[in-house]
Amino acid sequence: MLSQKSNQVLVSLYMIVCNSLSNSKINSLEPNDIPQEETRYSRIFLAFFAVALWIVVVPYLGFNISMMLLVTATMIIIGHCRWWQIAIMALALSFPINHLLAAVLKVYLPSGSIFG
Amino acid sequence: MIENFYYAISTVFLWQNLLLIVVGTAIGMVFGALPGLTVTLAVTLVLPFTFDLPPESGIILLTGVYCAGTYAGSISAILINTPGTPSSAATAWDGYPLTKQGRSLEALSVGLHASVLGGLISAVALIFFAPMLAKTALAFGPAERFALTFFGLTIIARVSGKSLPKGLISALFGLLIATVGVDPIMGVPRFSFNTFYLYGGVGMIEVFIGIFAIAEIFNQIGKRAEAAHHKKIDSQAKRIRWKDIVPHYWTVLKSSVIGIIIGVVPGTGGSIASFIAYDEAKRSSKEPETFGKGSLEGVAASESANNGVTAATLIPTLTLGIPGNTVAAIFLGALLIHGLTPGPQLFVNQGGLMYTIMVSFIMANIVMYFQGRVALKWFDKIVNIPASILLPIILTMCLVGAYTISNSLNGVIVALIFGCVGYAMIKFEYPSAPMVIAIILGGMVEESMRQALILSDGSPMIFFTRPISLAFFALTVFVTFSPIVLKLWRKAKGNTDTKDA
């Protein structure tokens, strides 16, 4: 029963995506369109993968370490930054945020089973 | 009344209480501006600090947090396309396009002034019309609430942009998301996939973080690096001035009144008020085509309505003991903790305290204005930070915000999934506004409709035999069909004129 329903959901989603794709093709054929900016899907996929990986590793590495890695990865993916900028940002967005939220706002971010 | 009013002024203007307002508004502004940290959370965290204070001072502190927190949701909505509170979602529709055009300070300025005016008008309504408006609140049962929220759903047609079918698909998807979680009447889990987290439904803030912020981050990352930042503007060349709001005074007044009327009805809140006010502003605007593309009028309408709700929500809370929303419920709790029982007798027995609350609302909005003036110039500099620095900061805020809502990584997963959905919507030009409206109003529509049908033993006639409900349905029909009728009438008139010529 459940698999039948999930199949229906998948088919519906597939049809929506197909419809959207076909619409976008029709739109791209219009002659007076302003040329769209080039989109680098590989970058988007990498960014998505980095966030997904962050969700997986954060229970093990804790917020501080995992956020440092995520910020580093994101800045490398975006590009146009120097190594010292990456280092400063990675440090600034991990330890201080964790301590600020815990000390001032009493909001506790996840601590890891390996690094604490 | 006069002696209570004098007592209120003398209490609010004590330096200790003024300091509490300043501290409260500052806390509210920080919580409201950070996505994921809600005004409810701010009021809840501040509540324990009020236990040792006199009742007046405690309520004054909470008022400051509430007013500023409600306003500050617009800051992140305008600057980084992430509404700090659900009621700021409509602000993001026009605020963020303005930021993209390099007019962020203008948008922030209009947002601040509209919020302050909305808050002040709401506070005046609380002072003069509280008992009268409380009677209106009592007239709202499930049938009326359904008619009101259903009317709210008709806005979808106006915010669908170029393609109505795409808008409807987006809205239907939103309604589907709104059904996730335990059934509000029968208690049966729906689309929860046996996940405990989904029993409570998909979190609104997590969805907004995904749809608005993470989707925009993906969008910016996907573009070429040189294009992946906003227009740089000389922020110092512009100032926050009252002049920006002058052309929109009528919109602000109208939206504030909408906010007050909706705020008085328990169980509705700022989101529906801002949507209805936005829709009304668009309908009556001379430039409706600019809405959704960067209209200052849209920002003014949304912000004045959601701040118009603030004091109005307390009207049923103070006069009837019925909290209008979560924050009002916390206010109710604070009053009870201090040994005060809300209800009509509170005005008789504790008139001084009641007027202190009302005056503190006015004072909180004034303090918020001056704090906002100082803070906004700094907030505005955010848009001039290079994308390689700004995007990781926003991403961190999003992930932290999505985590803190439920204190679990499930919120982050939901935000990431909706980030992908939001990015697909940007790429295929599906408007996100109908989906947001449907997610916010879907639950309310369903719950109130089913409650009404239980009361009427399943007869839908309950919606048409009660005057307020019938009036809202008539308004829904009018708003939906009047543009079509008008269009046909103009067309017919045009044809007649051509024939005559």
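Computed from a prediction, not measured in an experiment: that's the story for all the values here. (Residues numbered from 1 in each chain as written. Chains lettered and ligands numbered in written order. Predicted model: local features only at pLDDT ≥ 70, side-chain atom pairs only at ≥ 80, totals over all residues.)

Asks: I'm lost on the overall build of chain A in this one. Help?
Replies: If you tally the helices and strands in chain A, you get four helices and zero strands. Mapped from its N terminus to its C terminus, chain A presents α and β elements in the order α-α-α-α. Long-range contacts, defined as pairs at least 24 residues apart, comprise 63% of the intrachain contacts of chain A with a sequence gap of at least 6. (Helix = DSSP H or I, 4+ residues; strand = E, 2+ residues; numbered from the N terminus. Contact = placed C-beta atoms within 7 Å.)

Asks: Any chance you could explain helix H16 (residues 387-406) of chain B here in plain terms?
Replies: Structurally, the α-helix is built with 3.6 residues per turn, so residues lying three or four positions apart point the same way. Residues and elements named next belong to chain B. Taking 1.5 Å of rise per residue, 20 residues should cover 28 Å, and H16 covers 29 Å from first to last C-alpha, within 8% of that figure. Counting buried positions over the 20 residues of H16 gives 16, a clear majority of the element. Looking one or two places after H16, you find Asn407, whose phi comes out positive at around 55°. (Expected span 1.5 Å × (residues − 1). Buried ≥ 20, exposed ≤ 12 C-beta atoms within 10 Å, placed from the backbone.)

Asks: Explain the confidence of the model for chain A to me, please; I cannot follow it from the model alone.
Replies: Considering every residue of chain A, the mean pLDDT works out to 74; 66% of them sit at 70 or more. Here residues 20-35 of chain A is a poorly scored stretch, pLDDT under 50, and it has three contacts once near neighbours within four places are set aside; other chains count. (pLDDT = per-residue confidence, 0-100.)

Asks: Would you take a moment to explain the interface of chain A and chain B for this structure?
Replies: Think of interface size as the accessible area that goes away when the parts come together; that is how it is often given. The interface of chain A with chain B comprises 33 residues on the first partner and 26 residues on the second. Elements with a minimum of two residues in the side of chain A that touches chain B: helix H1 (2-28), helix H2 (41-78) and helix H3 (83-92) of chain A. Residue contributions to the side of chain A that touches chain B peak at 15 residues, all from H2(A). Looking at side-chain class alone, the side of chain A that touches chain B contains 20 nonpolar, eight polar and five charged residues. (Nonpolar A, V, L, I, M, F, W, Y, C, P; charged D, E, K, R; others polar.)

Asks: Please explain the environment of Pro59(A) as it appears in this structure.
Replies: Residue and element names in this part refer to chain A. Looking at the element boundaries, Pro59 is found in helix H2. Its 14 C-beta neighbours within 10 Å are what place Pro59 among the partly exposed residues. Ignoring anything within four residues of it in the chain, the contact list for Pro59 reads Pro110, Gly112 and Ser113.

Asks: Can you walk me through the packing of helix H12 (residues 296-320) of chain B against helix H13 (residues 326-337) of chain B in this structure?
Replies: Think of two packed helices as two axes; the pair is described by the angle between the axes and how far apart they sit. Residues and elements named next belong to chain B. For the pair H12 and H13, the least separation of the axes is 9 Å and the interaxial angle reads 45°. Classified by the interaxial angle, the pair formed by H12 and H13 is oblique. In this structure, H12 crosses over H13, and the sense of that crossing is right-handed. On H13, the residues that touch Thr313, Leu314 and Thr317 of H12 are Ala328, Phe331 and Leu332. Split by residue class, the contact of H12 with H13 holds four nonpolar, two polar and no charged. (Axes fitted to C-alpha atoms, helices over the stretch in contact; angles between N-to-C directions. Parallel < 35°, antiparallel > 145°, perpendicular 65-115°, else oblique. Left-handed = near helix turned anticlockwise from the far one by under 90°.)

Asks: Is there a simple way to explain the confidence of the model for chain B in this structure?
Replies: The predicted structure's coordinates, where accompanied by low pLDDT, should not be read in detail. Residues and elements named next belong to chain B. Of the residues in chain B, 91% reach a pLDDT of 70 or more, and the chain-wide mean stands at 82. The element-level mean pLDDT for chain B is lowest in helix H14 (residues 344-349), coming to 70, with helix H17 (residues 409-427) highest at 92. With pLDDT under 50 throughout, residues 225-229 is counted as low confidence; its partners more than four residues away or in other chains account for eleven contacts. With pTM at 0.71, the complex prediction returns an ipTM value of 0.72.

Asks: What exactly am I supposed to notice about the environment of Val116(B) here?
Replies: All names here are of chain B. Here Val116 is to be found in helix H6 (residues 104-138). When the 25 C-beta atoms within 10 Å are taken as the criterion, Val116 is described as buried. When sequence neighbours within four positions are dropped, the list of residues in contact with Val116 reads Asn365, Met368 and Tyr369.

Asks: What should I look at first to understand the packing of helix H3 (residues 39-50) of chain B against H13(B) in this one?
Replies: Residue and element names in this part refer to chain B. Direction vectors running N to C along H3 and H13 enclose 10°, while the axes themselves pass 9 Å from each other. Judged by the inter-axis angle, H3 sits roughly parallel to H13. Within the contact between the two elements, H3 uses Val39, Thr40, Val43, Thr44, Leu47 and Thr50 and H13 uses Thr326, Val327, Ile330 and Ala334. For the contact of H3 with H13, the class distribution of residues is six nonpolar, four polar and no charged.

Asks: Hey, could you run me through the environment of Phe370(B) in this one?
Replies: By the element assignment, Phe370(B) lies in helix H15 (residues 351-380). Sequence-wise, Phe370(B) and Val22(B) are 348 residues apart; in three dimensions their C-alpha atoms are separated by 9.9 Å.

Asks: So what exactly am I meant to see when it comes to H3(B) here?
Replies: Residue and element names in this part refer to chain B. Between its terminal C-alpha atoms H3 stretches 16 Å, which fits the 16 Å expected from twelve residues at 1.5 Å a residue. For H3, every residue scored as buried is listed here: Val39, Ala42, Val43, Val46 and Thr50. Taken around the axis of H3, the buried residues stretch over an arc of 90°, which confines them to a single face. Summarising the contacts, the buried residues of H3 are in contact with helix H2 (15-33), helix H4 (55-80) and H13. (Arc of directions from axis to C-beta.)

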